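What follows is the residue order along each chain.
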Amino acid sequence: MRKYILIILILFSLSTFFICKEIYSTERVDHECIKCHQITNEEATNLLKEIIPDIRILEIRNAAIKGLWEVSVERGGQKGVVYIDFSKNLLISGSILNVKTKTNLTQERLLEINKVDISKIPLDDALVMGEKDAKHRVIVFTDPDCPFCSKLHQEMKKVIEKRKDIAFYIKMFPLPMHKGAYEKAKAIVCEKSLALLDDAFAKKELPKATCETKVLDENLKLGESVGISGTPAIIMPNGTLVPGFKEADALIALIDKFS
């Protein structure tokens, strides 16, 4: 009996292979088999809202793994990527990695869909590190009480020592979780002083703000609108949003890639 069951399973597997053998692969494809597998935005929304309420579908396309759709989504101003299988029964949340190239395909897609329209970011209030006429402008949202912002700040100094064609435009973005950050950021903005920002990162006491300004509130509102919820946040010359700390060489590589 077991022998017959095994034969049936093998025949079923082979028939599936010949009918739709192209589904399972690591290469992106547009082949005949996919024509019989389609999903609408409405279907994807209905599937996802059971787990992720208030979800909005941005785009659906074939994933790098055959048999999956890659679904770009947005919820509460945050954009992300999930995967739905062709049976429409499985939702996958996580990263797809290309072993040969050692690249995180999901992370690359996240960077792509989280691009920012840099023309909408005013730079009049920004502190400039580097030459103002540098070819590559990088916008950095920072918090004077953020330890990783402090570390990034030192790496940014290394970058401009190596590359005179790169300049950083620093916008103050004090997080509510840091109680003293707002007043420190206000003092820095009023004086438009890199030296005061250095002092803040060195844990030195800053003077009180010498002006009244709406810049910080506007920065916080702007950051929220472009998907920034933490610091440091780095916006590359082409609008790609890269969160978190990066060492100087990695930062240079990203700037060259996204310019």
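Residues numbered from 1 in each chain as written. Predicted model: local features only at pLDDT ≥ 70, side-chain atom pairs only at ≥ 80, totals over all residues. Heavy atoms only, no water.

With that settled, the discussion passes to helix H4 (residues 147-162). Spanning 16 residues, H4 covers 24 Å between terminal C-alpha atoms, matching the ideal 22 Å at 1.5 Å per step. Among the residues of H4, Cys149, Ser150, Leu152, His153, Glu155, Met156, Val159 and Ile160 are the ones counted as buried. (Helix = DSSP H or I, 4+ residues; strand = E, 2+ residues; numbered from the N terminus. Expected span 1.5 Å × (residues − 1). Buried < 20%, exposed > 50% of the residue type's maximum accessible area, 1.4 Å probe, protein only.)

What follows concerns the confidence of the model for the protein. Summarising the model, the protein shows a mean pLDDT of 87, and 86% of its residues fall at 70 or more. When the criterion is pLDDT under 50, residues 1-31 qualifies, and its contacts beyond four places in sequence or with other chains add up to 27 contacts. (pLDDT = per-residue confidence, 0-100. Contact = heavy atoms within 4.5 Å.)

The subject of this paragraph is the nonpolar core. Counting 34 residues, the largest nonpolar core has Met156, Phe168, Met172, Ile188, Ile234, Met236 and Leu251 as its most contacted members. Elements supplying a minimum of two residues to this core: strand S7 (127-129), strand S8 (136-142), H4, strand S9 (166-172), helix H5 (181-191), helix H6 (194-201), helix H7 (215-225) and helix H8 (248-257). Contact partners of Leu251, with chain neighbours within four places excluded, come to Leu152, Met156, Val159, Phe168, Ile234, Met236 and Lys246. Residues Val128, Ala167, Ile228 and Ala233 belong to the second largest nonpolar core, which totals 17 residues. (Core = buried A, V, L, I, M, F, W, Y, C linked by side-chain atoms within 4.5 Å.)

Further remarks concern the packing of H4 against H8. The contact between H4 and H8 brings their axes to 8 Å, and the two run at 65°. In this structure, H4 meets H8 at a crossing whose hand is right-handed. Contacts between H4 and H8 pair Leu152, Glu155, Met156, Lys158, Val159 and Lys162 from the former with Ala248, Asp249, Leu251 and Ile252 from the latter. Its residues assigned to classes, the contact of H4 with H8 comprises six nonpolar, no polar and four charged. (Axes fitted to C-alpha atoms, helices over the stretch in contact; angles between N-to-C directions. Left-handed = near helix turned anticlockwise from the far one by under 90°. Nonpolar A, V, L, I, M, F, W, Y, C, P; charged D, E, K, R; others polar.)

For the rest of this paragraph, the subject is the pairing of strand S3 (residues 78-85). Taking burial as the measure, the eight residues of S3 include six buried ones, the bulk of the element. Hairpin connection from strand S2 (residues 68-75) to S3: two residues lie between these consecutive antiparallel strands, with Gly76 at a positive phi of about 60°. Note: S3 against strand S4 (residues 91-92), two bridges, orientation antiparallel. The residue of S4 that forms the bridge with Ile84 is Leu91. (Pairing = 2+ DSSP bridges.)

Moving on to the side chain of His153. For His153, the location among the structural elements is in helix H4. Under the relative-accessibility criterion, His153 is labelled buried at 2%. Here Asp198 takes part through its side chain, which lies 3.1 Å from a polar atom of the side chain of His153. Those residues in contact with His153 that sit more than four places away from it in its chain are Met129, Ile170, Leu194, Leu197, Asp198 and Phe201. (Polar contact = N/O pair within 3.5 Å; in protein donor to acceptor, adjacent residues only side chain to side chain.)

Following the sequence through the fold, Glu74 ends up in strand S2. For Glu74, the side chain forms a polar contact with the side chain of Arg56, separated by 2.3 Å. Each residue touching Glu74, except ones within four places of it in the same chain, is listed here: Asp54, Ile55, Arg56, Leu58 and Lys79.

One open sheet holds the four strands; their spatial order is S1-S2-S3-S4, and the pairing between them is antiparallel. In this open sheet, the two strands that pair with only one neighbour each are strand S1 (56-62) and S4. Its contacts with the sheet put helix H2 (residues 41-48) on S1, S2, S3 and S4, and the angle it makes with S1 is roughly 115°. Across the sheet, helix H3 (residues 105-113) touches S1, S2 and S3, and the angle it forms with S3 is around 135°.

Our focus in this paragraph is the pattern of salt bridges. Pairing is possible between side chains of opposite charge, provided their charged atoms come close. A complete count under the given rule lists 16 salt bridges for this structure. Here Lys158 ties to Glu155 by a salt bridge, and the two come within 3.0 Å at their closest N and O atoms. Remark: Glu155 and Lys158 occur in helix H4; sequence separation between them is three residues, near one turn of the helix. The class of Glu155 is buried, set by a relative accessible area of 11%. A single network of salt bridges, built from pairs that share partners, joins Glu59, Arg61, Glu70, Arg109 and Glu112. (Salt bridge = Lys/Arg side-chain N within 4 Å of Asp/Glu carboxyl O.)

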